[in-house]
Each structure stands twice: as structure tokens, then as C-alpha cells.
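Now for the letters of each chain:
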Amino acid sequence: MEPIIVKNKHIDLSYLGLNPISINYQLNPQDLNNCILSMAEGVSSDTGAMVVDTGEFTGRAPKDRYIVNDNITQKAINWGDVNIPISTENYNKLYTKLIDYLNTKTVFAQDGFACAEEKYTTSIRVISQTAYQSLFAHNMFLRSEARLLRPEWTILAAPGLKADPESDGTRQHNFSVINFSDKIILIGGTGYTGEIKKAIFSVLNFLLPLQNVLPMHCSANVGKQGDTAIFFGLSGTGKTTLSADPERYLIGDDEHGWGEDSIFNFEGGCYAKTTGLSLENEPEIYSAIRAGALLENVKFYPGTSTVDYNNLEKTENTRVSYPINFITKAITPSIGKIPGNIFFLTADAFGVLPPISKLTRGQAMYHFLSGYTAKIAGTEFGINEPQATFSACFGKAFLPLHPVVYANLLGKKLENNNIKVWLINTGWTGGSYGSGTRIKLGYTRNMIQAALMGTLDNVNYSPHPVFNLMMPETCDGVPSSLLNPQNTWENKKLYNQTCIQLADLFTENFKQFIDIADEETRLSGPNINTVLV
């Protein structure tokens, strides 16, 4: 069957030099679903959600993301292993190849916006080789009926086009290239849709600090009294799960800005991990997987069209995207007040950090710059089990500027507002990864609820002997023995050794910030000279 061509919807792509065989412009989800089926890109699940396989790549490839080194970026970008330069000459080669490739195809074009706060809104056009990428763009960006003559940013995505590393200046055949001068993003050789959303996130992380806005890799929700909470964390630490709280209203699950007087969502949808998903543990996300949603790299129960969320045969990074209004308690527009509580989420693979601790301002700055967690299997290509990592500002992979720029913005926000900051360990307890157990989601929810309700303001705290974190001694709905991680380990000596091991890693990582952090922040790290018995 031929893909659906929607007539009487004209779009001018001459600014790109693009003249494909035909264009499917601004298709609705039903028409995109029909295209996915007719072009054999995917199949339908029993809930009506589309199920696709993204091919070779089931996670981002951060070593293959480039920024064009030109007059705009040369002195502004924090170049290194995260922000890898590519020459204008090599960009032009890739651009020409990609345009020539798409000119032989039927393409899909989807227009949308980023940033729910109007004064920061950026228009985006995603032109893709596949219908499922277009459905992803429809789900993830803010939707509008407005017709764009020419958007501020254009993404060209062609999974079937592979670069030639030798002649194109790339590391391998896949690539994601951001050009701030032309305001164009090239994505090729990979069908993983997360590259689309994170490319725009990187763009906003470059542009918004110039307007005194803190871009954040976090989720956010709001309570019945209008109190906003935000949850920083890398993928797999619980941002989406913990923000989709049936007792609160969702602002967004992954990317936000902190402006002068508001928290606002960058996106119009959610991109949730589905590994181990169940109606019991995550009812909001589970119920959002219906017609219009896009599932990636999941497997069915044999002989059925029912998804088995525990089957990780393809990848541990199984995903679903859906419009944010598929969450019953999402607010529109996706904007909240200045937060009353900030939660730093970490999946501690060492199993030594408390499940919840209250941070001083100095500790908040220290842990924000450190951004410790464990990369969860599948989140990035080649990661097969959790690995301890430090990702500044809980999003180093998406920060074009030096991390201190974002940390200074956060510091000013904390100074000007009365905000409580908490460190939440959603990782392991009773032992490290492989011997301990993952902290139960229900316990984590109860701890966060207690913090939000203020019940942790009136309990006793005790300090962690190495990390100096203040640990509540009691919390409703949580065994007291769990609150001090040392109590959960049978081998206390091994716990102490592991604790010092992680503290050493923190200290070594923070050396890069010693000369730029203030004294309060420098003195807020672990005490590696502590003698544990």
C-alpha cells in the first residue's frame, strides 16, 4: 500500500533546497498510524498504540552528536568529549547528502513548538523519512493549529542515510549535528527518536541562559494548593514515574525552564521508559498507552498483540511517547509557580546513599554540579548494566555551555526563594548492584509525599558519617531501618569500605570545580577522612 498523501496542505521547503517525491504535512495521529501500518514500519498493539522497532540504535549515541564550530559557537561552547566540534565544510557535505537522499523519498513534515511560556516559545519543523518519527514529533512537541511559513528551527531526520566517517568527519555512520548559524539539525543513520527531542533540548540549553532562564533536565508537577515540585535526574532515575503522581497535576516529565516567576515545560508530551511497567505501580503511564501513543522496541506476549513490558529481549530502554494530555491530571498550559521543593534523583548503584536526605544550600550546589547516578542499562547505546557516572547538573550530555553557567543560575534561584532541596536515592539498598535490592517505588513515593506535605519538617535527623547528609529518623509509610542505609547491609565493614570508595569518586570528580565553586559548596562534599568502625 502507498502512504497516505494529504492533499490541499501546502508546505514550502525551498528554504532547505528540498524537493521530495511527495510530502505528508501535519498529519494527525490516525493518518500517521495508517502510514506506519501501510509502510510496514510497525504494528498495532491491543490498546491501539503503534509498536515500532528503531533498528540498530535503541538509545542515544552521545559520542556521535556534533556542534558546528563557527563564529557563533567557537568561543561560547564548552568543547570536549560532550560537545564535539564538526567543521562547516563537513556539515555542508552531510547536509547535501541528506537533502539528496530525502529528495528521492516521500517525507513527513510535522510543525510544533518548544516552551510553554509564550515569551520563550521556539517554532520547530521535523522533516523525517519515516511516519513513526513524525508521530513522535507530533506527540513530543507543543501542538498548534498555526501554519508555519518558515520555522525558527528545522530537524532533518533520515535513518536510512549513513555517513562515511572518512570523508564526512564523523566517528561512525550515525550522526546528530546541530548548526546554530543555520538553525538546522541533521540526524542520520539512527532511527532512535530520542535523538530528536534531545537535540532540541541541547539547543534550548544554549539559548535560554542568555535570557536568564535555567534550562533543566527534570520533571515537574503541582499540588492541589498550587505548590510546584521539580525532580532532577538522568534517564532511568524516576523522573517520569515520580512526576506522574495521581495526587498531583503534571507539568511535564523531562525538560523544563525556570524563568523569572514560573516553571514551564519545553515539550508537549512524555517519553517514558516502559521497562517493568505495570498498572499497579504506574497507573497514569500505563493508561496513557492507547491509540496515538508510540511504543518503541517492546515485545508482545507470544501469539498476541499484548505488550510484555518485562521482555527486554531487544533492549532495556523500551519507551513510549504520548501527548501530555494522555495523563489525566496534566495541566494546560504546562506552567507552574516557583518550586517549593526540589528533588535530586540518583540511582545509587553502590547502595550507600540514604533513600532521602535534606540538603543545605551548599550541599545542593555540590550535588547539582556532581550529578551522580548510575547510567541505567539501555539508556545509551552500549550500556548493558548500571555504571556509576557523574553528569553535571544531571544532564551534562545536553549542556553546550560550561556547567558552572547553569549552577550559577540555580544558585541565584535558591538565594532568592525559600526552597527545600532533597536528595532521593531510587537505586539500591542492602548492598551494591548485583547483591542489594532496588528501593521499592512505594517507599520512594511515601518519602516524597512526606517531604511535600511538610511532615519531615518535624522529625529528628541524623548525619551520614561520610556524606554529611541529614537523614530523617522516621517517615510515615517507610521502615525506619531503611532510612539509614548502613542498617540495611549485613556486612557493615563492606558497607563502610563501599562508602569510602564512592566518596573518593565524588572527591575526584569535583576537582574540576574546586577553583570555581564557592567555599560553602567546596566544603559540602563527603569527608573521606572519616574513620568508620
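The structure this text deals with has already been given above.
Quick caveat: nothing in here was measured; it's all calculated off a predicted structure.

1. Let's talk about the overall build of the chain
Thinking step 1. Regarding its fold elements, the chain presents 13 helices and 30 strands.
Thinking step 2. Within the span of the chain, comprising 533 residues, buried residues form 61% of the whole.
Thinking step 3. Restricting the contact set of the chain to residue pairs at least 6 apart, pairs at least 24 apart contribute 72%.
Thinking step 4. Carbon together with sulfur atoms contributes 49% to the accessible area of the chain, which is approximately 20900 Å² in total.
Thinking step 5. The positive charge centre, built from 43 side chains, and the negative charge centre, built from 52, are 1 Å apart in the chain.

2. Some thoughts on the nonpolar core
Thinking step 1. The biggest cluster of nonpolar side chains holds 94 residues, and the ones touching the most others in it are Ile-342 and Phe-344.
Thinking step 2. Per-element accounting of this core gives the leading share, seven residues, to helix H5 (residues 194-207).
Thinking step 3. Excluding its chain neighbours within four sequence positions, the residues that come into contact with Phe-344 are Phe-232, Leu-359, Ala-364, His-367, Phe-368, Phe-394, Leu-410, Val-421, Trp-422, Leu-423 and Ile-424.
Thinking step 4. Counting residues in hydrophobic clusters, the runner-up holds 27 residues, among them Ile-11, Val-68, Tyr-91 and Leu-98.

3. Focus: the sheet that holds strand S6 (residues 106-114)
Thinking step 1. The sheet built from eight strands is open, its strands ordered S1-S6-S7-S8-S10-S9-S4-S5 with mixed pairing. Here the strands that pair on one side only, and so sit at the sheet edges, are strand S1 (22-25) and strand S5 (84-86). Taken pair by pair, the neighbouring strands of this sheet meet at an average axis angle of 25°, ignoring direction.
Thinking step 2. One ladder, built from four bridges, connects S1 with S6; its direction is parallel. Its bridge partner lying in S6, Ile-23 is registered against Val-107.

4. Concerning the side chain of Thr-122
Thinking step 1. On the secondary structure map, Thr-122 appears in strand S7 (residues 122-128).
Thinking step 2. Residue classification places Thr-122 among the buried residues on the basis of a relative accessible area of 10%.
Thinking step 3. The contact partners of Thr-122, leaving out residues within four places of it in the chain, are Gly-112, Phe-113, Ala-114, Glu-152, Trp-153 and Leu-204.

5. Section: the environment of Leu-32
Thinking step 1. Tracing the backbone through its elements, the reader meets Leu-32 in helix H1 (residues 29-38).
Thinking step 2. Among the residues examined, Leu-32 registers a relative accessible area of 0% and is labelled buried.
Thinking step 3. Residues Leu-32 and Ala-330, spaced 298 residues apart in sequence, show a C-alpha to C-alpha distance of 24 Å.
Thinking step 4. Not counting the four nearest positions on each side in its chain, Leu-32 is found in contact with Leu-27, Phe-108, Gln-110, Ala-131, Ser-134 and Leu-135.

6. A closer look at the side chain of Thr-58
Thinking step 1. Within the element layout of this structure, Thr-58 appears in the loop between strand S3 (50-52) and strand S4 (65-68).
Thinking step 2. Its relative accessible area of 10% is what places Thr-58 among the buried residues.
Thinking step 3. Separated by 3.3 Å, the side chains of Thr-58 and Thr-315 make a polar contact.

7. Thoughts on the packing of H1 against helix H3 (residues 131-140)
Thinking step 1. Contact geometry for H1 and H3: axes closest at 8 Å, N-to-C directions at 155°. Accordingly, the angle class assigned to the pair H1 and H3 is roughly antiparallel. The chirality of how H1 crosses H3 is left-handed. Within the contact between the two elements, H1 uses Pro-29, Leu-32, Asn-33, Cys-35 and Ile-36 and H3 uses Ala-131, Tyr-132, Ser-134, Leu-135 and His-138.
Thinking step 2. Counted by class, the contact of H1 with H3 contains seven nonpolar, three polar and no charged residues.

8. Description of the state of the cysteines
Cysteine pairs can be linked by a disulfide, which is a covalent bond between their two sulfur atoms.
Thinking step 1. Applying the stated criterion to the full structure yields zero disulfides.
Thinking step 2. Left without a disulfide partner, Cys-115 is nearest to the cysteine sulfur of Cys-218, which lies 13 Å away.
Thinking step 3. Here Cys-393 is not cross-linked by a disulfide; its sulfur's nearest cysteine counterpart is in Cys-218, at 12 Å.
Thinking step 4. Given a relative accessible area of 5%, Cys-393 falls into the buried group.

9. A word on the packing of aromatic side chains
Thinking step 1. Inspection of every chain in the model, using the stated rule, returns 26 aromatic pairs.
Thinking step 2. Aromatic pair Phe-136 and Tyr-271: ring centres 5.2 Å apart, planes at 80°, arrangement edge-to-face. One end of the pair, Phe-136, is in helix H3; the other, Tyr-271, is in strand S16 (residues 269-273), and 135 residues separate them in sequence. For the pair formed by Phe-136 and Tyr-271, the shared burial category is buried.
Thinking step 3. Both rings, one in Trp-489 and one in Tyr-495, keep their centres 5.4 Å apart while their planes meet at 70°; by these two values the pair is edge-to-face.
Thinking step 4. We note Arg-438 situated over the ring of Trp-428; from NZ or CZ to the ring centre the distance is 4.8 Å.

Cut-offs used in this document
Just so you know, the residues in each chain are numbered from 1, in the order the chain's sequence is written. At least 70 in pLDDT is required for a residue's local features to be given in this predicted model, at least 80 for side-chain atom pairs to be given and counted, and no such filter applies to totals for whole chains, interfaces and linings, which use all residues. Where side-chain values are given, they derive from all heavy atoms of the structure, hydrogens and water being excluded. In this description a helix means any DSSP run of H or I spanning at least four residues, a strand means any run of E spanning at least two, and both kinds are numbered starting from the N terminus. For the exposure calls, accessible area comes from a 1.4 Å probe over protein chains only, and a residue counts as buried if that area is under 20% of its type's maximum, exposed if over 50%, partly exposed in between. Here a residue-residue contact requires only that any non-hydrogen atoms of the pair lie within 4.5 Å. In short, Shrake-Rupley with a 1.4 Å probe defines the accessible areas, and a residue's cover is counted only from the protein chains shown. Counting rule for charge: Lys and Arg are taken as positive, Asp and Glu as negative, and neither His nor the chain ends is counted. For the purpose of locating charges, the reference atoms are NZ of Lys, CZ of Arg, CG of Asp and CD of Glu. Take the buried residues of types Ala, Val, Leu, Ile, Met, Phe, Trp, Tyr and Cys, join any two whose side-chain atoms come within 4.5 Å, and each joined set is a nonpolar core. Strand pairing is assigned whenever DSSP identifies at least 2 bridges connecting the two strands. An axis is simply a line fitted to the C-alpha atoms; with a helix, the fit covers only the stretch in contact. Between two such axes, the angle follows the N-to-C directions and lies from 0 to 180 degrees. Pairs of N or O atoms are called polar contacts if they sit within 3.5 Å, as long as, within protein, a hydrogen donor faces a hydrogen acceptor (for residues adjacent in sequence, only side-chain-to-side-chain pairs). For this classification, under 35 degrees means roughly parallel, over 145 means roughly antiparallel, 65 to 115 means roughly perpendicular, and everything else is oblique. We call a crossing left-handed when the near helix sits turned anticlockwise from the far one by less than a right angle, and right-handed when that turn is clockwise. Residue classes follow a fixed rule: Ala, Val, Leu, Ile, Met, Phe, Trp, Tyr, Cys and Pro count as nonpolar, while Asp, Glu, Lys and Arg count as charged, and any other residue, Gly among them, counts as polar. Two cysteine sulfurs form a disulfide in these notes if their separation is within 2.5 Å. A pair of aromatic rings is counted whenever rings of Phe, Tyr or Trp (Trp by its six-membered ring) have centres within 6.5 Å, and the orientation is called stacked for planes under 30 degrees apart, edge-to-face for over 60 and tilted otherwise. Whether a charge lies above a ring is judged from NZ of Lys or CZ of Arg, which has to be within 6 Å of the ring centre and within 35 degrees of the ring normal.

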